[in-house]
Amino acid sequence: MNKQTVHQLILDKLKVDLDIAERAAQTAYETATHEENIAENKYDTLGLEASYLAAGQARRVEEIRQALALCQNLALRPYDDQRGIQIGTLIGLEDGDGRQQWLFLGPDAAGLKVSLVGQPITVITPRSPLGRGLLGKFEGDEVEIVVAGARQQFAVTEVI
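Residues numbered from 1 in each chain as written. Predicted model: local features only at pLDDT ≥ 70, side-chain atom pairs only at ≥ 80, totals over all residues. Heavy atoms only, no water.

A. Focus on the nonpolar core. Core analysis: the largest hydrophobic core is formed by 22 residues, its most contacted members being Val6, Ile10, Leu14, Phe104, Ala109, Leu112 and Ile121. Per-element accounting of this core gives the leading share, seven residues, to helix H1 (residues 3-33). Beyond its immediate chain neighbours, meaning those up to four positions away, alanine 109 contacts Leu14, Ala67, Cys71 and Val123. (Core = buried A, V, L, I, M, F, W, Y, C linked by side-chain atoms within 4.5 Å. Buried < 20%, exposed > 50% of the residue type's maximum accessible area, 1.4 Å probe, protein only. Helix = DSSP H or I, 4+ residues; strand = E, 2+ residues; numbered from the N terminus. Contact = heavy atoms within 4.5 Å.)

B. Here's a closer look at the sheet that holds strand S4 (residues 119-124). A sheet is described by the order of its strands in space; here six strands give the open sequence S3-S4-S2-S1-S6-S5, paired in mixed fashion. With one partner strand each, in any of the chains shown, strand S3 (113-116) and strand S5 (142-147) form the two edges of the open sheet. When strand polarity is set aside, the average angle formed by the axes of neighbouring strands in this sheet is 40°. Sheet topology note: the strand S2 (residues 100-105)/S4 ladder contains four bridges and is parallel. Across the sheet, the residue bridging to leucine 105 is isoleucine 124, located in S4. (Pairing = 2+ DSSP bridges. Axes fitted to C-alpha atoms, helices over the stretch in contact; angles between N-to-C directions.)

C. Structural context of the pairing of strand S6 (residues 150-159). Bridging between strand S1 (residues 90-95) and S6 involves five bridges; their strand directions are antiparallel. The residue of S6 that forms the bridge with glycine 92 is glutamate 158. Pairing geometry for S5 and S6, over six bridges, is antiparallel. Bridge pairing links valine 146 to arginine 151 in S6. In this structure, the hairpin formed by S5 and S6 is closed by a connection of two residues, where alanine 148 is found at a positive phi of approximately 50°.

The structure is reproduced here in structure tokens:
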């Protein structure tokens, strides 16, 4: 695994997502403001619904822009075995059933998935229970979190 390559894949995916969201927001805006969508009576809500959609799309564009800016400004540092896992760390985890996964602890863009040589990598942030639990941990450490009343355990198998 190469952390710089993973970081670039995340940036590329965010740029694509931003482009798609901007086009969707523009389409929703045009629909909301089109003269044919002016309400003719109180039951004609197409224009109103389109304006709600346009507002939601605009918020999504801003969320992606913010995530992209934070990820672009992330200075990747080599793993420091004195500080443990920090933002910008690529982490290999194994759950109690032996299933392995790769995570990238990012400043934002939680849930974004990229793939490197067929290996899926999920972005998490310190705002999530797992991200919070991983901060400061080291290779070989165990992480235990409780989500919706269910206890989950993970072993940190690799840190980059």
